[in-house]
Amino acid sequence: AQSVTQLDSQVPVFEEAPVELRCNYSSSVSVYLFWYVQYPNQGLQLLLKYLSGSTLVKGINGFEAEFNKSQTSFHLRKPSVHISDTAEYFCAVILDISSGSARQLTFGSGTQLTVLP
Amino acid sequence: SQTIHQWPATLVQPVGSPLSLECTVEGTSNPNLYWYRQAAGRGLQLLFYSVGIGQISSEVPQNLSASRPQDRQFILSSKKLLLSDSGFYLCAWGGRVSTEAFFGQGTRLTVV
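Fair warning: this is a prediction, and the values are worked out from it, not measured in the lab. (Residues numbered from 1 in each chain as written. Chains lettered and ligands numbered in written order. Predicted model: local features only at pLDDT ≥ 70, side-chain atom pairs only at ≥ 80, totals over all residues. Heavy atoms only, no water.)

**Some details on the overall build of chain B**
A count of helical and extended segments in chain B gives zero helices and eleven strands. Listed by position from the N terminus, the elements making up chain B come as β-β-β-β-β-β-β-β-β-β-β. A compact globule built from 112 residues would reach a C-alpha radius of gyration of about 13 Å, and chain B, at 13 Å, matches this within 12%. Considering only C-alpha atoms, chain B reaches an extent of 40 × 25 × 20 Å along its principal axes. Across the 112 residues of chain B, 50% fall into the buried class. (Helix = DSSP H or I, 4+ residues; strand = E, 2+ residues; numbered from the N terminus. Rg over C-alpha atoms; globule rule 2.2 N^0.38 Å. Buried < 20%, exposed > 50% of the residue type's maximum accessible area, 1.4 Å probe, protein only.)

**Regarding the pattern of salt bridges**
All names here are of chain A. This model, assessed by the stated rule, comprises eight salt bridges over all chains. Lys 78 is the salt-bridge partner of Asp 85, the closest N and O atoms lying 2.8 Å from each other. In this structure, Asp 85 and Lys 78 share a single accessibility class: buried. Residues joined by salt bridges that share partners form a network here, namely Glu 20, Glu 66 and Arg 77. (Salt bridge = Lys/Arg side-chain N within 4 Å of Asp/Glu carboxyl O.)

**Points about the side chain of Glu100(B)**
Inspection of the secondary structure assignment puts Glu100(B) in the loop between strand S9 (87-94) and strand S10 (102-103). According to the relative accessible area criterion, Glu100(B) is buried, its value standing at 11%. Only 2.8 Å separates the side chain of Glu100(B) from the side chain of Lys49(A), close enough to count as a polar contact. Contact partners of Glu100(B), with chain neighbours within four places excluded, come to Phe34(A), Tyr36(A), Leu46(A), Lys49(A), Trp93(B) and Gly94(B). (Polar contact = N/O pair within 3.5 Å; in protein donor to acceptor, adjacent residues only side chain to side chain. Contact = heavy atoms within 4.5 Å.)

**Brief notes about the interface of chain A and chain B**
Contacts between the two partners involve 22 residues from chain A, matched on the other side by 23 residues from chain B. Interface area, chain A with chain B, both sides summed: about 1700 Å², of which 51% is carbon and sulfur. In this structure, Glu100(B) and Lys49(A) form a salt bridge, with 2.8 Å as the shortest nitrogen-oxygen distance. Where chain A packs against chain B, one counts six residue pairs in polar contact (both at pLDDT 80 or more). Counting only elements with at least two residues in the side of chain A that touches chain B, the list comes to strand S5 (32-38), strand S6 (44-50) and strand S10 (87-94) of chain A. Among the elements that make up the side of chain A that touches chain B, the one with the highest residue count is S5(A) (four residues). Here the residues of the side of chain A that touches chain B are counted per class, giving eleven nonpolar, eight polar and three charged. (Buried area = accessible area lost by both parts, 1.4 Å probe. Nonpolar A, V, L, I, M, F, W, Y, C, P; charged D, E, K, R; others polar.)

**Let's talk about the environment of Gln13(B)**
All names here are of chain B. For Gln 13, the location among the structural elements is in strand S2 (residues 10-13). What makes Gln 13 buried here is its relative accessible area of 18%. Those residues within four positions of Gln 13 in sequence are excluded, and the remaining contacts are Pro 18, Leu 81, Leu 109, Thr 110, Val 111 and Val 112.

**As for the state of the cysteines**
For the structure on display, the rule yields two disulfides over all chains. The disulfide bridge from Cys23(A) ends at Cys91(A), spanning 1.9 Å between sulfur atoms. Looking down the S-S bond of the Cys23(A) and Cys91(A) bridge, the torsion is -65°, so its handedness is left-handed. With a gap of 68 residues between them, Cys23(A) in the loop between strand S3 (19-21) and strand S4 (24-26) and Cys91(A) in strand S10 connect regions that are remote in the sequence. This pair shows no difference in class: Cys23(A) is buried, exactly as Cys91(A) is. Linked covalently through their sulfurs, Cys23(B) and Cys91(B) form a disulfide whose S-S length is 2.0 Å. In this structure the cystine formed by Cys23(B) and Cys91(B) twists about its S-S bond by roughly -75°; its chirality is therefore left-handed. (Disulfide = S-S within 2.5 Å.)

**Some details on the packing of aromatic side chains**
Evaluated as defined, the whole model comprises 14 aromatic pairs over all chains. Centre to centre, the rings of Tyr25(A) and Phe67(A) are 6.4 Å apart; their planes meet at 20°, and the pair counts as stacked. Taken as a pair, Tyr25(A) in strand S4 and Phe67(A) in strand S8 (residues 64-68) lie far apart in primary sequence, 42 residues in all. Both residues of the pair, Tyr25(A) and Phe67(A), belong to the buried class. Aromatic pair Phe107(A) and Phe103(B): ring centres 6.0 Å apart, planes at 70°, arrangement edge-to-face. Of this pair, Phe107(A) sits in strand S11 (residues 106-107) while Phe103(B) sits in strand S10, placing the two residues on different chains. (Phe/Tyr/Trp six-rings, centres within 6.5 Å; stacked < 30°, edge-to-face > 60°.)

In structure tokens:
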């Protein structure tokens, strides 16, 4: 069974500091990996995704993530955060990439990023 | 472009009352449709998904049911709500060949 682990439930960081939100998954087969952001009382918005190719993926709002197959990780990074980056961030994985049926996203428990002035 | 509508945005219902949450998608045909629940302080739990009209798969046995009466309409229902049904419900759609899911704005359900 696949699972996604976000090790940190809360990450406080000062404005303009760098941040890394950690995500590990458990799977022995190829997967698709995603990061979503959720602002309060809103739906989820896709930040970035890894399907294949370059292991460094760049997304919106200056975020990037690196796929590390040997460590089964997909950590999200930003070199300098803003107050507006305060939100909850979810890592997600699709295991059955060969299936033509509904592809199910499995989400981590989320990391609340709070950017402090 | 594709859009997804979910309503209502907030809902307060007494225990034992029925529930109906509706989700519609525009700008695409034959989408995969999903209902997720997000409980306070927890991640997203997949409740139901559908690959076509009348085709519903349940991921978690519970007090809820889903239906897909039309291609781009997905409904989440309950005959009698429980306190534990409180949470943030999210509808999402995905294409047949795309990878990510696109989410609605969610419904905050409070059962009192």
